[in-house]
Amino acid sequence: MRARDRRAEDRPFDPPPELRAMRERAPMSRVRLWDGSTPWLVTRFADQRAVLGDPRVSADMTRPDYPRQAPGPGGTLSFIGMDDPEHARLRRMVGAAFAVKKVEAMRPMVQGIVDRAVDALLAGPKPVDLVEAFALPVPSLVICELLDVPYDDHDFFQRNSRTIINRDSTPGQRATAMGELGRYLGALVVAKLERPGDDLLSRLGGKIRSGDLTVPEATQMAVLLLIAGHETTANMIALSTLLLLRHPDQLALLRDSDDPAVATRAVEELLRYLTITHGGRRRVATEDMEVAGCPVKAGEGFVLPNEIANRDPEAFPDPDRLDLTRQARHHLAFGFGVHQCLGQPLARLELEVVYRTLYRRVPGLRLAVDFEDVPFKHDGFVYGVHELPVTW
């Protein structure tokens, strides 16, 4: 097991206390990044929504004044780092696959994957690492099914995904991992041009044949969907399970209810409470504007740490209390505005199915180590745990 990270010692599920202090003292303040730039740190819920929804704010990662998270090439991972109209054009190419009705039709498939994963868990040895045995395979199998990517290659794409989202990766390591994933998925996309099926890569192939997409554009999209489709959900499954084990009253509320609405509300509250995408969404002003009474000049950047906005008492009364009965769907875990997460219906479905299945079928689930020995992911842009040893 990895050595314990001392930063997880006090309140590992909560935003850093420095962010809380800044939200209360100076909700708009300058911060210095790795490259010496000084963008605005925006900490209040209402102000973050205002910035994310403002058409005078750019998400274009190739702009020289964009407040990038780490050194490296100034490229972008498909449409999430673009502005309209190019953002809207590319997003439309895959948007239909994540429509609510389309995703709901996937429920039996997702339920089957979760049931088989729980079967394997119960039939296997214990204690077991829930990350490797359950939290990572479930969303990986779902996204492989959606894209028609061979699950047998999961070690390859999971290893490269971890390199890309790891804060400690060098620019060279990140570029190598992106290149390997790009070549792998590019070959699958090209193969779909000859042998299309009923999957998302085949639909991207159809857009290539019609002239709406190029092969590099389709490949970039495939890389984005593969990474985002399993990393975030896998971390949510493991981290929320650990959180619920620390709150047995809330776990019992979720486990013992037959009302589907209980799980639906639980998904939103856990997304709000944990907000696992760390490092802050990044934007840059394209015109002079004002935010929270502060003048912002064109070319000045924004860093928007959603984890502290989702603990804003103005938006969520008693925000540091986990309450699975709370109406929390207005949280910012998926962002806000035109760049709000495309895959959120699928993430919600997967989490709901997991929460309604795992804890009921394994009612005695408990930690197999001391809580203090659980290794948290302070080295990634997506927060979670490296391992979660459990037994029952």
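Placed above this text is the structure.
So, here is what we can say about the structure in this document. On a predicted model such as this, the values are computed, not experimentally measured, just so you know.

### Things to note about unusual backbone geometry
Reasoning step 1: Here Asp84 and Pro85 are connected by a cis peptide whose omega angle stands at 10°.
Reasoning step 2: A cis geometry characterises the amide bond from Lys126 onward to Pro127, with omega recorded as 5°.
Reasoning step 3: Locating Pro127 in the fold gives a position in the loop between helix 5 (107-123) and strand 4 (128-129).
Reasoning step 4: The phi angle at Asp148 is positive, at roughly 65°, despite the residue not being glycine.
Reasoning step 5: If you trace the backbone, Asp148 turns up in the loop between helix 7 (137-147) and helix 8 (154-165).
Reasoning step 6: Look at Asp318: it is not a glycine, yet its phi comes out positive at around 50°.
Reasoning step 7: By the secondary structure assignment, Asp318 is in the loop between helix 14 (306-309) and helix 15 (344-361).

### Examining the sheet that holds strand 4
Reasoning step 1: The strand order across the open sheet built from 3 strands is 4-10-9, with neighbouring strands paired in antiparallel fashion. Each edge of the open sheet is held by one strand with a lone partner, namely strand 4 and strand 9 (366-367).
Reasoning step 2: The sheet contact formed by strand 9 and strand 10 (residues 389-391) spans 2 bridges and is antiparallel. Note on strand 10: the bridge partner recorded for Arg366 is Thr391.

### Concerning helix 2 (residues 45-52)
Reasoning step 1: Along helix 2, the residues classified as buried are Phe45, Asp47, Gln48, Val51 and Leu52. Seen along its axis, helix 2 keeps its buried residues to an arc of 165°; they face one direction.

### Observations regarding the packing of aromatic side chains
Reasoning step 1: For the structure on display, the rule yields 7 aromatic pairs.
Reasoning step 2: Both rings, one in Phe45 and one in Phe316, keep their centres 5.5 Å apart while their planes meet at 85°; by these two values the pair is edge-to-face. Here Phe45 is found in helix 2, whereas its partner Phe316 is found in the loop between helix 14 and helix 15, with 271 residues between them in sequence. This pair shows no difference in class: Phe45 is buried, exactly as Phe316 is.
Reasoning step 3: Taken together, a centroid distance of 6.1 Å and an interplanar angle of 15° make the contact between Tyr355 and Tyr359 stacked. Here Tyr359 and Tyr355 lie together in helix 15, a separation of 4 residues that amounts to about one turn.

### Describing the layout of surface pockets
Reasoning step 1: Taken as a whole, the second largest pocket spans an internal volume of roughly 860 Å³.
Reasoning step 2: Forming the boundary of the second largest pocket are 31 residues, of which Pro16, Leu19, Arg167, His278 and Glu307 lie nearest the centre.
Reasoning step 3: The element best represented in the lining of the second largest pocket is helix 1 (residues 17-25), accounting for 3 residues.
Reasoning step 4: Residues belonging to the lining of the second largest pocket are distributed by class as follows: 14 nonpolar, 6 polar and 11 charged.

Cut-offs applied
- Residues numbered from 1 in each chain as written.
- Predicted model: local features only at pLDDT ≥ 70, side-chain atom pairs only at ≥ 80, totals over all residues.
- Heavy atoms only, no water.
- Helix = DSSP H or I, 4+ residues; strand = E, 2+ residues; numbered from the N terminus.
- Pairing = 2+ DSSP bridges.
- Buried < 20%, exposed > 50% of the residue type's maximum accessible area, 1.4 Å probe, protein only.
- Arc of directions from axis to C-beta.
- Phe/Tyr/Trp six-rings, centres within 6.5 Å; stacked < 30°, edge-to-face > 60°.
- 1 Å grid on protein atoms, 1.4 Å probe; cavity = no way out; pocket = protein on both sides within 12 Å on 5 of 7 lines; lining within 4 Å.
- Points joined across faces, edges and corners; volume = space filled by probe spheres on them.
- Nonpolar A, V, L, I, M, F, W, Y, C, P; charged D, E, K, R; others polar.

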